[in-house]
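# Architecture and fold: a report
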Amino acid sequence: MKPAPETAPYRAPAWLPGGHLQTIYTSLFIHVPPIATRRERLELPDGDFLDFDWVDGQAGLPVVVLFHGLEGSADSPYARDLMAHAHTRGWHGVVAHFRGCSGEDNRLPRAYFAGDSDDIEQMLRHVQAQHPDAPIHAVGVSLGGNALLKWLGEAGETAHERVACAAGVSTPLDLTAAGHALDRGFNRRVYTARFLVTLKKKALKKAWLFPGMLDAKAIAAATTFHEFDTLVTARLHGFRDADDYWLRASSKPLLKSIAVPTLVINARNDPFLPAWALPTCDEVSPAVTLEQPDTGGHVAFPSGPFPGNLDWLPQRLMQHFDTYRR
């Protein structure tokens, strides 16, 4: 089996300048074909469930487990692309869906959030139980990246028991900086407004199912992440308000405690997180490799001639995994 090809440092194509264009064009116009998956449901002790979409590989070969971003799923272009690259190598791939993100509402008066390291642990434990003799490589994208990196920092050396190596892509490492960035100007009108459509729909359904827990009228009127996270995320998951949630759930302070080899990729022109909020080398452990290209947008990193492709990111991730196979 050939290793993944060497990838050059990322540079956006000249025909697609700027973080907003790279983010929006990649999301809307670069098509990634679907890949056949096998759905598996894990029933949880608390009465809820988690859904996993598997791409089965050859016995004994590594497993790539992906934790998706906000309102993402196995159908997200980055998920399809990474699963296809893993499948090409004969590896196993699996997208671990956060609660309520697999196409069916979860059962409990809770949802998912950027600091949900307990569910990361449950998902990784389940994946490991399915493939106890295979190396497991974990990738978190955006919100999923924050949850994964938080888990890695909290677990420290014991994370080696679950994963061989890990990666975070376009992770909002400082949720306060990211939240304020998304609640201003163009970001608020485009990205935040788009996310809130589905987030508010789910929250209003929770408000109807569990009377007295949530303020449906206030949720319907919310136009910022700060409002939504105060009204919904904080209330469902034990935080005082959005500020408390953003502070306590951010993964950036835990990067110094990560012991598993971990690649952290953030474009400096990512509209979701200002470049000044990115970590420096002295803010992370020796196990963490920071890659902060000047371009790439948010979970985008398009490459090639027009109309472009998404090959750079999965190739870079597979190269990282090859380095730390065990």
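Whatever comes next refers back to the structure up there.
What counts and what doesn't
Residues numbered from 1 in each chain as written. Predicted model: local features only at pLDDT ≥ 70, side-chain atom pairs only at ≥ 80, totals over all residues. Heavy atoms only, no water. Helix = DSSP H or I, 4+ residues; strand = E, 2+ residues; numbered from the N terminus. Buried < 20%, exposed > 50% of the residue type's maximum accessible area, 1.4 Å probe, protein only. Polar contact = N/O pair within 3.5 Å; in protein donor to acceptor, adjacent residues only side chain to side chain. Contact = heavy atoms within 4.5 Å. Expected span 1.5 Å × (residues − 1). Bend = angle between axes of the 7 residues up to and from the residue. Axes fitted to C-alpha atoms, helices over the stretch in contact; angles between N-to-C directions. Parallel < 35°, antiparallel > 145°, perpendicular 65-115°, else oblique. Nonpolar A, V, L, I, M, F, W, Y, C, P; charged D, E, K, R; others polar. Phe/Tyr/Trp six-rings, centres within 6.5 Å; stacked < 30°, edge-to-face > 60°. Lys NZ or Arg CZ within 6 Å of the ring centre and 35° of its normal.

Once that is clear, we can look at the side chain of Ser73. Mapped onto the elements, Ser73 comes out in the loop between strand 3 (63-67) and helix 2 (77-88). A relative accessible area of 16% means that Ser73 is categorised as buried. One polar contact links the side chain of Ser73 to the main-chain amide nitrogen of Asp75, over a distance of 3.1 Å. If we ignore the near neighbours within four places in the chain, the residues touching Ser73 are His68, Ala79, Val95, His97 and Cys101.

Glancing now at helix 8 (residues 225-237). Here helix 8 spans only 16 Å end to end across 13 residues, well under the 18 Å set by a 1.5 Å rise per residue. Where helix 8 bends most, at Leu231, the angle is about 25 degrees. Turning to helix 8, its buried residues are Phe225, Phe228, Asp229, Leu231, Val232, Thr233, Ala234, Leu236 and His237. Of the surrounding secondary structure, the elements contacted by the buried residues of helix 8 are helix 5 (175-182), helix 6 (185-209), helix 7 (216-221) and helix 9 (242-249). Of the residues trailing helix 8, Gly238 is marked for its positive phi of about 85 degrees.

Close contact between helix 8 and helix 9 brings their axes to 8 Å; oriented N to C, the two are set at 85 degrees. When the axes of helix 8 and helix 9 are compared, the pair comes out roughly perpendicular. For the pair helix 8 and helix 9, contact is made by Phe225, His226, Asp229, Thr230, Thr233 and Ala234 and by Ala242, Asp243, Tyr245 and Trp246, respectively. Classifying every residue of the contact of helix 8 with helix 9 by side-chain character gives five nonpolar, three polar and two charged.

It is worth spelling out the packing of aromatic side chains at this point. Evaluation of the coordinates by the stated rule reveals 16 aromatic pairs. An angle of 90 degrees between the planes, with centres 5.2 Å apart, marks the rings of Tyr10 and Phe301 as edge-to-face. Placement of Tyr10 in the segment before helix 1 (19-29) and of Phe301 in the loop between strand 8 (288-291) and helix 10 (312-323) is noted, with a sequence separation of 291 residues between them. Each of the two residues, Tyr10 as well as Phe301, counts as buried. On the numbers, 5.2 Å between centres and 45 degrees between planes, the contact of Phe239 with Tyr245 is tilted. Accessibility expressed as a relative area gives 13% for Phe239, which makes it buried. An aromatic cluster of at least three residues, connected via ring pairs, comprises Phe186, Tyr191, Phe195, Phe225 and Phe272. Taking NZ or CZ as reference, Arg41 lies 3.8 Å from the ring centre of Phe49, over its face.

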